[in-house]
Structures are given as structure tokens and as C-alpha cells.
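These are the residues of each chain, in order.
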Amino acid sequence: KQIYKCFSCGASGNIFTLQTNTSNIGAKISKYLPSGTPQYSVTIDAADQTFNHHILELVNGNIAVIYSKGSPNYELRFAVFHPSTLDVIKASTIISTNSINSSHTFSAVQLSAGGFAVMYHDGASTLLSKLATFDNSGNAVLAPTTVWTRTGTNGAQYHKIAQLSNGNIVFAASSVNAVSGF
């Protein structure tokens, strides 16, 4: 098992981890008391391969997990959990396609005003990078919107987003197998 992310919740001191199960089949979010005593664990997509896991503490304390699901149906998914019980508040698929996989990485960031943003390689067109934002409960705020159209030939895209101190979102995208830029 590999732990992808781990953080301590500021207010409670509780510890949250996100790790893969054997052979990347599913993932598990776990909550520990500040003493390290296990409290709750929830398995995500127990029957499917999962990749590129992100775990975010949202401003209201909710926990967002964003990840890519592998074959046979590639999907970019998220789930928002209640921080006390790890009950699922909302789980949804951002994109479902036959072309997104672990080589088409996405990036996610929590937003200072609440919620989270996800930037990803669109499965409908390998030339598009899209951005979507969600509130603290996982409801869409900004529907998937194209923020960059790559020129050149098809190939994988890699994304990184961050939020600046003024609230703006900045992103970087890199492409392989193409001559492109923005």
C-alpha cells in the first residue's frame, strides 16, 4: 500500500490519509485521532484501478477526494466526505470516456473561498484542457470550461493548478508528442 496524501486537520488535530489498496485496486480514506488511533476508513471504488489521487481539506472542514478510475471505463471522479464520520456527502463523475487514463493527469486544488477546482485533459478532444469548480458539498459552480486548446498532434497533457493570494487560479499545462504552447 502506498499513502498518497496525509494531513492533520487544524481545528481538531485529526489525521486523514489517502492510500491505494493492493495493485492500485481502489483506494482508502482513513481518519485517525490526534493520538494516532484509527477511527474510520472508507474504501473508494473497491473493484477498479484508481490513479492520481488527491485529498483536499475544504474550508468548511469537508474532505474532497479526486481520482482517475482505470479501465475498462476511464473516469475522473470525486467524492466529498464529512470530516467527523467520513459519510459521503456527494460522489460524482466529472468525465467518463474511453481515453482518459493515468497518463492523462489532472490537478486539483482547494479554493480559499470554499470548494475546489479541477483541471483535466478532456476525453472528447485530446486537444482541450478544461477547468471545473465545485462548492464545499461537491455541487458544480463552474461547469467544465475549456481553458486551453492545444495545437499540434494528439498526445498526453499534464496539468498543475494553484490559487494565488488574490483568489485567481493559475495553471500550467504541458504536452508530449506535440509542438504546442499558450
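Nothing here was measured: the structure is a model prediction, and the numbers come from that model. Just so you know, the residues in each chain are numbered from 1, in the order the chain's sequence is written. pLDDT decides what is reported in this predicted model: residues at 70 or higher carry local features, side-chain atom pairs at 80 or more are listed and counted, and totals for whole chains, interfaces and linings draw on all residues regardless. Just so you know, side-chain values use all the structure's heavy atoms and leave hydrogens and water out.

Turning our attention to the confidence of the model for the chain. With 81% of its residues at a pLDDT of 70 or more, the chain has an overall mean of 82. Averaged pLDDT values for the elements of the chain fall to 67 in strand 1 (residues 3-8) and rise to 94 in strand 8 (residues 107-110). How sure the predictor is of each residue is captured by pLDDT, a score from 0 to 100. Secondary structure elements follow DSSP: runs of H or I no shorter than four residues count as helices, runs of E no shorter than two count as strands, and numbering proceeds from the N terminus.

The topology assignment puts asparagine 62 in the loop between strand 4 (38-57) and strand 5 (63-69). Given the relative accessible area of 6%, asparagine 62 is considered buried. A distance of 3.0 Å separates a polar side-chain atom of asparagine 62 from the backbone oxygen of asparagine 136. Working rule for contacts: check all heavy atoms of both residues, and any pair within 4.5 Å makes them a contact. Sequence-distant contacts of asparagine 62, that is, excluding residues within four places in its chain, are made with Leu56, Glu57, Val80, Phe81, His82, Pro83, Ile89 and Asn136. Type-normalised accessible area, obtained with a 1.4 Å probe on protein chains alone, sets the label of each residue: buried when under 20%, exposed when over 50%, and partly exposed for intermediate values. Here a polar contact is taken to be a pair of N or O atoms separated by no more than 3.5 Å, where protein atoms must pair a possible hydrogen donor with a possible acceptor and residues adjacent in sequence count only if both atoms sit in side chains.

With that settled, the discussion passes to the nonpolar core. Ranked by internal contacts, the top residues of the largest apolar core, which has 16 residues, are Ile66, Leu76, Phe116 and Val118. Residues enter a nonpolar core if they are buried and are Ala, Val, Leu, Ile, Met, Phe, Trp, Tyr or Cys, with the set joined through side-chain atoms within 4.5 Å. The next biggest cluster of nonpolar side chains, apart from the first, holds 14 residues, and it includes Phe16, Ala27, Ile55 and Ala79.

In sheet architecture, strand pairing relies on hydrogen bonds along the backbone and comes in two forms, parallel and antiparallel. The strand order across the open sheet formed by four strands is 8-9-10-11, and the pairing between neighbours is antiparallel. At either margin of the open sheet sits one strand with a lone partner, and together these are strand 8 and strand 11 (140-149). Shown here is a sheet whose adjacent strand axes are inclined to one another by a mean of 15°, direction ignored. Paired strands, as defined in this entry, are two strands with at least two bridges between them according to DSSP. Here strand 8 runs beside strand 9 (residues 116-121); their pairing, made up of four bridges, is antiparallel. Its bridge partner lying in strand 9, glutamine 110 is registered against phenylalanine 116. Helix axes use the C-alpha atoms of the stretch in contact, all axes being lines fitted to C-alpha atoms, and the angles between their N-to-C directions lie in the range 0 to 180 degrees.

This brings us to the environment of valine 147. When you line up the elements, valine 147 lands in strand 11. Along the chain, valine 147 and lysine 130 lie 17 residues apart, while their C-alpha atoms are 5.5 Å from each other. Excluding anything up to four places from it in sequence, valine 147 contacts Met119, Ser129, Lys130, Leu131 and Phe171.

Here the focus is the packing of aromatic side chains. Pairs were defined over the aromatic rings of Phe, Tyr and Trp, the Trp ring being its six-membered one, requiring ring centres within 6.5 Å. Orientation was assigned from the angle between planes: stacked under 30 degrees, edge-to-face over 60, tilted for the rest. Inspection of every chain in the model, using the stated rule, returns three aromatic pairs. Look at phenylalanine 78 and phenylalanine 116: their rings are 5.4 Å apart centre to centre, the planes differ by 70°, and that puts the pair in the edge-to-face class. In this pair, phenylalanine 78 sits in strand 6 (residues 74-81) while phenylalanine 116 sits in strand 9, placing the two residues 38 residues apart along the sequence. Neither phenylalanine 78 nor phenylalanine 116 differs from the other in exposure class; each is buried.

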